[in-house]
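Residue-level structure breakdown
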Amino acid sequence: MSEFRIHHDVNELLSLLRVHGGDGAEVYIDLLQKNRTPYVTTTVSAHSAKDFLKKYDELKSKNTRNLDPLVYLLSKLTEDRETLQYLQQNAKERAELAASAAASSTASFGAPATGSKISMQELEELRKQLGNVATGPTWQQSLELTRKMLRDKQNKKNSGQRLPVFPAWVYERPTLLGDFLTGSGTSTDAAVPIGTLPLASQEAAIVEDLLYVLVGVDGRYITAQPLTGRQSRTFLVDPNLDLSIRELVSRILPVAASYSTVTRFIEEKSSFEYGQVNHALAAAMRTLLKEYLILVTQLEQLQRQGLLSLQKLWFYIQPAMRTVDILASLATSVDKGECVGGATLSLLHDRSFSYTGDSQAQELCLYLTTAASVPYFEILEKWIYRGIIDDPYSEFMVEEHELRKEKIQEDYNDKYWELRYTVVQRHIPSFLQKMAGKVLSTGKYLNVVRECGHDVTCPAAKEVIYTLKERAYVEQIEKAFGYASKVLLGFLMEEKELVAHLRSIKRYFLMDQGDFFVHFMDLTEEELKKPVDDITPTRLEALLELALRMSTANTDPFKDDLKIDLMPHDLITQLLRVLAIETKQEKAMVHADPTELTLSGLEAFSFDYVVKWPLSLIINRKALTRYQMLFRHMFYCKHVERQLCSVWISNKTAKQHSLHSAKWFAGAFTLRQRMLNFVQNVQYYMMLEVVEPTWHVLEKSLRSASTIDDVLGHHASFLDGCLKDCMLTNPELLRVFSKLMSVCVMFTNCMQRFTQSMKLDSELGRLTLEHGTMQGPPTEAERAEERTRKELARKCLAEHVDAPQLASSFEATINKFDKNFSAHLLDLLARLSVYSTSDCEHGMASVISRLDFNGFYTERLERLSAERSQKVAPSVPSPRGPPAPAPRVAVPAQ
């Protein structure tokens, strides 16, 4: 700011404030000059700033969304020195790569080196190459290519449905267009040089030319320049024209340029390939241009009567100038942004708001937006009122994908519900942006019911009309959404009995039907012990059918949907495959061998469930896989419990032996009881503290659900909670638990083999006594003799059992089982303690309190942790202090 300007502003300010006297203006002027901040120049050149602003204006004209937030982000990035340094380094590397690529391409182009002479043959070849590069398709050819590409895309989408197209002659006859033709004139006579005419004659000739130019026809002295792209039309005015007239002509010619832009836009977008919205917009613009052409026709009549001067023409054209300028601006923005469907409506809507305060311009934009939105709203009404998409030109915000709903029962990672219909962001009108999610859900809900053979139509259906008041759309969409949610939810809950199906699945997959599993496991025990390759699935299906008929499950109306499924991999592999989905390890897990070891029937066994559409939306393959993992986990625990109970029954034989053998039998009995206590408590925890409470929450949530998405969310939360609390989402915990189960199974096998000989001897004695001899029932003497012989055999067996070498071997085996079981159990408790505290998995603390209610394992954990801390860092996580709340496990009574 100059010193004179400071003096002027200070004096002006003092006079406005009516300050008189005092120190005067000089004191304030000196103070301002001393404290004035010098102008700080930036490193940004004016050329770069202009380029940035030019690009910003270009993107703004295309109605690019989120442009201002992006500029704000860039401004924040410029304040971060580290980011700027990284970007500068990256730009430098990219420039070097581009330079090397350009050098290699120059070498391949075959240009001669600088300083060397070019032969005629090389010059001709170079000219030919440059000609091929420079020669490209004309504007009309590019439009034809664009139309062909759009037609191919639309025909591919609408296979079997023929879309309307204009005949070829419409585009081959340029005289049908309302735009300028190069070389056309009002007369074939040679024009008189305008510089030789008097001023009045010049004005009359120019008025006549302007009237032609305003309707897209070249004049004698004003001609349109050929177009090479989508730029605005320019004109060539005779240079000999009088300067005063030339100035006024230059003010009128922008109207002709705008008219040319609008005419070209109308002719291009009237083609069906550009969609119904652009077609409707072009038709509305054509209607507005009719008023403009009527005005020009009236001016021609005045010109013939000699009543139209150049000044009058400028006066009469004023009202139409603003209209044509707005139309041209809109046409240019639609072209630049390549807007189709919802994007066109967004641009028109935003432009209507930007003209707030200019009633004429806003009214014009509202008229265009209302006309263009009619076909879009027709698609919207069919979608939200009937669940049908009729969008042949891909303009609507919801896009349909070709997916088979049968895959939802087969593919775990199938996303039918998420991917069958998706929202296309660029086709969402800005005035419907907030309601896009509900628009998508409304049509999806109705579409599901339609696919089940029910014709649905919203009773509150009303015509959707464009308005600046968004509340009108909100109310109509809300009503349609409420109806669609109610229809689909009632259809699934009442007609398709969703809750009853979920209860049926709970009976079998979550082992809620106790008597059925007793029958089933008794029937299939021998079959499931075989390797999975030796099992006959049809035999298992028959046994399943028998168990269902013999138990209270016979009253279940959906029992026939239960099927047998022999999995190709164990539970841990299945869990890892599921956790690897949509990760880098997914490909490796899919192509990996199912398992290195041969699976037994028990390890591979699982149930499957037949779910029909539309229940498969809720009970899809992803949900069934989670149910299967829970079932396999709980079923194997039940099997281990049965094995331990059978060992307890068989161990009764040991009570018949001498007291000496009981010393080392006691260790086996204690270990068996500890194992049984562990398995039963884990089962009780999963059944009573995880599944049942979570199931009650699910039932309560389903009763209060208002949409199908709420049902999907509640069901997924139920399964996720069960998997997490049953330790199935943590591979480390599951591996330790599986090792514990393996130790238990191996222990039961060992004990059953050992007691088999004693059971066989006892069985032989019992059969001999009961059957007697061939002469009839045994006499008293025979009974006495049998008792004596049995006592001798028992004594002999006891002496054999109490043999030192057998006792030491058996005792070592039991001690090894005890050591392994205790180590794995302590490992599991330590990990549970860590996860229950650090990861806030408080539900797992209940397992600790069940297994360690008297502190037996806590003391051993603390002692083990202290020993390890003295040597090396612990390889197994240990609890930090006493676990809460006072984890205890009772030492079972012997």
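Just so we're clear, the structure is a prediction, and the values are computed from it rather than from any experiment. (Residues numbered from 1 in each chain as written. Predicted model: local features only at pLDDT ≥ 70, side-chain atom pairs only at ≥ 80, totals over all residues. Heavy atoms only, no water.)

As for the overall build of the protein chain
The number of helices and strands found in the protein chain is 32 helices and six strands. Counting every position in the protein chain, which comprises 894 residues, the buried fraction comes to 40%. Surface exposure of the protein chain reaches about 49700 Å², of which carbon and sulfur atoms provide 55%. (Helix = DSSP H or I, 4+ residues; strand = E, 2+ residues; numbered from the N terminus. Buried < 20%, exposed > 50% of the residue type's maximum accessible area, 1.4 Å probe, protein only. Areas by Shrake-Rupley, 256 points an atom, 1.4 Å probe, with all protein chains shown as cover.)

Here's the deal with helix H11 (residues 276–304)
Between its terminal C-alpha atoms H11 stretches 42 Å, which fits the 42 Å expected from 29 residues at 1.5 Å a residue. Gly-306 occupies a position one or two residues after H11 and carries a positive phi of about 75°. (Expected span 1.5 Å × (residues − 1).)

Side note on the environment of Lys-638
Structurally, Lys-638 can be placed in helix H25 (residues 621–650). Under the relative-accessibility criterion, Lys-638 is labelled partly exposed at 27%. Distance from Lys-638 to Phe-517, taken between C-alpha atoms, is 9.4 Å for residues 121 residues apart in sequence. Residues within four places of Lys-638 in sequence aside, it is in contact with Met-511, Met-521 and Gln-683. (Contact = heavy atoms within 4.5 Å.)

Quick word on the pairing of strand S6 (residues 605–609)
Taken across its five residues, S6 has five buried, putting it largely inside the fold. The alternating pattern of S6 places Phe-605, Phe-607 and Tyr-609 on one face and Ser-606 and Asp-608 on the opposite face, and all of these are buried. Where strand S5 (residues 562–566) and S6 come together, five bridges link them in antiparallel fashion. Along S6, the bridge assignment pairs Leu-562 with Tyr-609. (Pairing = 2+ DSSP bridges.)

Looking at the environment of Asp-350
Checked against the element boundaries, Asp-350 lands in helix H14 (residues 342–354). Among the residues examined, Asp-350 registers a relative accessible area of 31% and is labelled partly exposed. Put simply, Asp-350 and Ser-430 are 80 residues apart on the chain and 7.7 Å apart in space, counted from C-alpha to C-alpha.

Let's talk about unusual backbone geometry
Between Trp-613 and Pro-614 the backbone carries a cis peptide bond, its omega angle lying at 5°. A positive phi angle is found at Glu-338, which is not glycine, with a value near 50°. Within the element layout of this structure, Glu-338 appears in the loop between helix H13 (318–337) and H14. Of note, Ser-394 is a non-glycine position whose phi angle comes to about 55°, a positive value. One can find Ser-394 in the loop between helix H15 (359–386) and strand S3 (398–400). Classification of Ser-394 as partly exposed rests on a relative accessible area of 23%.

Some points on the packing of aromatic side chains
Counted under the stated rule, the structure contains 31 aromatic pairs. Seen from their ring centres, Trp-383 and Tyr-421 are 5.1 Å apart, and the 55° between their planes marks the pair as tilted. One end of the pair, Trp-383, is in helix H15; the other, Tyr-421, is in strand S4 (residues 421–423), with 38 residues separating them in the sequence. Both rings, one in Phe-516 and one in Phe-517, keep their centres 5.0 Å apart while their planes meet at 70°; by these two values the pair is edge-to-face. Grouping residues by exposure puts Phe-516 and Phe-517 together as buried. (Phe/Tyr/Trp six-rings, centres within 6.5 Å; stacked < 30°, edge-to-face > 60°.)

Quick word on the side chain of Lys-269
Residue placement: Lys-269 occurs in helix H10 (residues 243–269). Reaching out from Lys-269, the side chain makes a polar contact with the side chain of Asp-335 at a distance of 3.4 Å. Non-local contacts of Lys-269, meaning those with residues more than four positions away in its chain, are made with Tyr-274, Asn-278, His-279, Ala-282 and Asp-335. (Polar contact = N/O pair within 3.5 Å; in protein donor to acceptor, adjacent residues only side chain to side chain.)

With respect to the side chain of Asp-391
Mapping Asp-391 onto the fold places it in the loop between H15 and S3. For Asp-391, a relative accessible area of 6% gives the class buried. A distance of 2.9 Å separates a polar atom in the side chain of Asp-391 from the backbone nitrogen of Glu-395. From its side chain, Asp-391 meets the backbone nitrogen of Phe-396 in a polar contact 3.0 Å long.

Re the nonpolar core
Among the nonpolar cores identified, the biggest contains 103 residues, and Phe-516, Phe-607, Phe-635 and Phe-678 are the most heavily contacted of them. Per-element accounting of this core gives the leading share, 14 residues, to helix H26 (residues 659–704). (Core = buried A, V, L, I, M, F, W, Y, C linked by side-chain atoms within 4.5 Å.)

Focus on the confidence of the model for the protein chain
Across the protein chain, the average pLDDT comes to 75, with 67% of residues at or above 70. Per-element confidence in the protein chain is highest for H15, whose mean pLDDT is 90, and lowest for helix H23 (residues 586–591), whose mean pLDDT is 47. Long-range and interchain partners of residues 769–775, a stretch whose pLDDT sits below 50, account for four contacts in this model, where long-range means more than four residues apart. Overall, residues 872–894 carries pLDDT values under 50, and its contacts beyond four positions in sequence, including any with other chains, amount to 53 contacts. (pLDDT = per-residue confidence, 0-100.)

Thoughts on the environment of Arg-233
Relative to the assigned elements, Arg-233 resides in the loop between strand S1 (222–224) and strand S2 (235–237). Along the sequence, Arg-233 and Ser-260 sit 27 residues apart, while their C-alpha atoms lie 6.8 Å from each other. Ignoring sequence-local partners within four residues, the contact set of Arg-233 consists of Asp-179, Phe-180, Ala-224, Gln-225, Pro-226, Leu-227, Ala-257, Ser-260 and Arg-264. Reaching out from Arg-233, the side chain makes a polar contact with the backbone oxygen of Gln-225 at a distance of 3.0 Å.

Notes on a nonpolar patch on the surface
On the surface, Phe-52, Leu-53, Leu-70, Leu-73 and Leu-74 cluster together into a nonpolar patch covering about 450 Å² of accessible area. Elements with a minimum of two residues in the nonpolar patch: helix H3 (46–61) and helix H4 (67–77). By secondary structure assignment, the location of Leu-53 is in helix H3. (Patch = residues over 30% accessible without salt bridge, like charges linked within 9 Å, V, L, I, M, F, W, Y side chains within 5 Å. Salt bridge = Lys/Arg side-chain N within 4 Å of Asp/Glu carboxyl O.)

As for the packing of H10 against H13
The interhelical angle for the contact between H10 and H13, taken along N-to-C directions, is 45°, at an axis separation of 8 Å. One finds that H10 runs oblique with respect to H13. The two elements H10 and H13 cross, and the hand of that crossing is left-handed. Contacts from Arg-251, Val-255, Ser-258, Tyr-259, Thr-261, Val-262, Phe-265, Glu-268 and Lys-269 in H10 reach Met-321, Val-324, Asp-325, Leu-327, Ala-328, Ala-331, Thr-332, Val-334 and Asp-335 in H13. When its residues are assigned to classes, the contact of H10 with H13 shows ten nonpolar, three polar and five charged. (Axes fitted to C-alpha atoms, helices over the stretch in contact; angles between N-to-C directions. Parallel < 35°, antiparallel > 145°, perpendicular 65-115°, else oblique. Left-handed = near helix turned anticlockwise from the far one by under 90°. Nonpolar A, V, L, I, M, F, W, Y, C, P; charged D, E, K, R; others polar.)

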